[in-house]
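Report on the structure
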Amino acid sequence: MNSPILSVRNLGKRFGLLFAARDITVSIPVQQTVGVIGANGAGKTTFINMITGHLRPTNGTIHFEGRDITGLPCRQIKGMGISRSFQVAQIFPSLTVFENMCTAAAIGRAPHTFIGHVCTPLRSRESVVEAETLLELFQIAPYRDRLAATLPQGIRKLLDIGMALAGSPRLLLLDEPTSGISIEEKFSLMQVIMSALNSRKCTVLFVEHDMDIIEGFAERVLAFYDGTVIADGTPAATLADPRVQTLISGPKVRCAVGAAAHV
Ligand SMILES: Nc1ncnc2c1ncn2[C@@H]1O[C@H](COP(=O)(O)OP(=O)(O)OP(=O)(O)O)[C@@H](O)[C@H]1O
Ligand SMILES: [Mg+2]
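To start, this report covers the structure provided alongside it. Please read all numbers here as calculations on a predicted model, not as lab measurements. (Residues numbered from 1 in each chain as written. Chains lettered and ligands numbered in written order. Predicted model: local features only at pLDDT ≥ 70, side-chain atom pairs only at ≥ 80, totals over all residues. Heavy atoms only, no water.)

Re the site of ligand 1
Ligand 1 sits among 15 residues. The nearest are Gly-41, Gly-43, Lys-44, Thr-45 and Thr-46. Between an oxygen atom of ligand 1 and a side-chain N or O atom of Thr-45, the distance comes to 2.8 Å. Between ligand 1 and Gln-87 there is a distance of 3.1 Å, counted from an oxygen atom to a side-chain nitrogen or oxygen. In the complex, 62% of the free accessible area of ligand 1, which totals 630 Å², lies under the protein chains. Every element with two or more residues in the shell around ligand 1 is listed here: strand S2 (18-29) and helix H1 (44-52). (Near = heavy atom within 4 Å. Polar contact = N/O pair within 3.5 Å; in protein donor to acceptor, adjacent residues only side chain to side chain. Areas by Shrake-Rupley, 256 points an atom, 1.4 Å probe, with all protein chains shown as cover. Helix = DSSP H or I, 4+ residues; strand = E, 2+ residues; numbered from the N terminus.)

Here's the deal with the pairing of S2
The side chains of a regular strand alternate, residue by residue, between the two faces of the sheet. Where strand S1 (residues 4-15) meets S2, 8 bridges bridge the pair, whose relative direction is antiparallel. When the bridges of S2 are listed, Phe-15 appears paired with Leu-18. (Pairing = 2+ DSSP bridges.)

Brief notes about the side chain of Lys-157
Within the element layout of this structure, Lys-157 appears in helix H6 (residues 153-165). Buried and without a salt bridge, Lys-157 has Asp-160 as its closest oppositely charged side chain, separated by 5.6 Å. Lys-157 has contacts with Phe-86, Gln-87, Glu-176, Pro-177, Ser-179, Ile-181 and Leu-189, leaving out every residue within four places of it along the chain. (Buried < 20%, exposed > 50% of the residue type's maximum accessible area, 1.4 Å probe, protein only. Lys, Arg positive; Asp, Glu negative; His and termini not counted. Salt bridge = Lys/Arg side-chain N within 4 Å of Asp/Glu carboxyl O. Contact = heavy atoms within 4.5 Å.)

As for the nonpolar core
Counting 48 residues, the largest nonpolar core has Ile-37, Phe-138, Ile-140, Leu-159, Leu-197 and Phe-206 as the members making the most contacts within it. Among residues more than four places away in sequence, those in contact with Leu-159 are Ile-91, Val-97, Asn-100, Met-101, Ile-140, Ala-148 and Leu-151. One finds Ile-24, Val-34, Phe-64 and Leu-173 within the second-largest nonpolar core, a separate group that totals 28 residues. (Core = buried A, V, L, I, M, F, W, Y, C linked by side-chain atoms within 4.5 Å.)

Re the coordination of the magnesium ion (ligand 2)
Surrounding the magnesium ion (ligand 2) are the protein donor atoms Thr-45 (OG1) and Gln-87 (OE1), which sit 2.0 to 2.2 Å from the metal. Here Gln-87 lies in the loop between strand S6 (82-85) and helix H3 (97-109) and Thr-45 lies in helix H1, a separation of 42 residues in the sequence. (Donors = N, O, S within 2.8 Å, 3.2 Å for Na, K, Ca; no water.)

Note that every value here comes from positions in space, so none of it alone points to a role or purpose.
Right under this line is the structure:
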């Protein structure tokens, strides 16, 4: 069996009296595609935030490629090979698609320190080449010269995730990559995203509320409830779990309502 790229043990996060994450123990092998499900407030984003260094865990450990990264600053963790996208796309609205991608490519290549970021030229030959490659990979080259502010939501998502892939992370965490996307468009959007990430041999963990997308794209599913993982297995096994059906997924009509609530 593959050695884990990510290994989390007894991870927890407390905000005052609230346990947003409790006793999470998970190992993810290299190149696995893992879906994360759970109702609003279940702790999915908190879990991602602890891995990326945006939140310091209250207890537990996180190892990435065998190295302890628990509590390290997010810039350092990114430099080690973990990248992410947020629930809301993090792009520069007043720049063009190409300028956004080029900036991400330049930052992705820079030393992951404050000075490294400040002193990095935003238009080196290498970052231009990487930006053009990512635009093709995410099928957004036709939008190259459009201002990001004017993009349709799906293209905005592709740009955001393409930017997260700049710098060639080995682990990518996607927080609701299809939020704000119509049910009709979600599937094709995920196909573009996943084929791009697979071609870069990236290990992927993605948060998703739509169970059809989970079944279509995850090899494994972690189900979160009240800050902890209540089921972990293949999509078929996790979605058939009675606790998951009662507490999270429910009948299909409830999944669609859950997804719509995020639009
Ligand atoms: N910085 C914070 N300070 C206080 N409470 C927080 C903070 N961040 C998250 N929480 C709380 O922790 C719990 C888990 O939140 P989290 O954002 O991880 O949920 P989620 O599963 O991502 O939900 P959603 O599906 O709505 O995005 C919630 O009760 C939330 O209100
Ligand atoms: Mg969240």
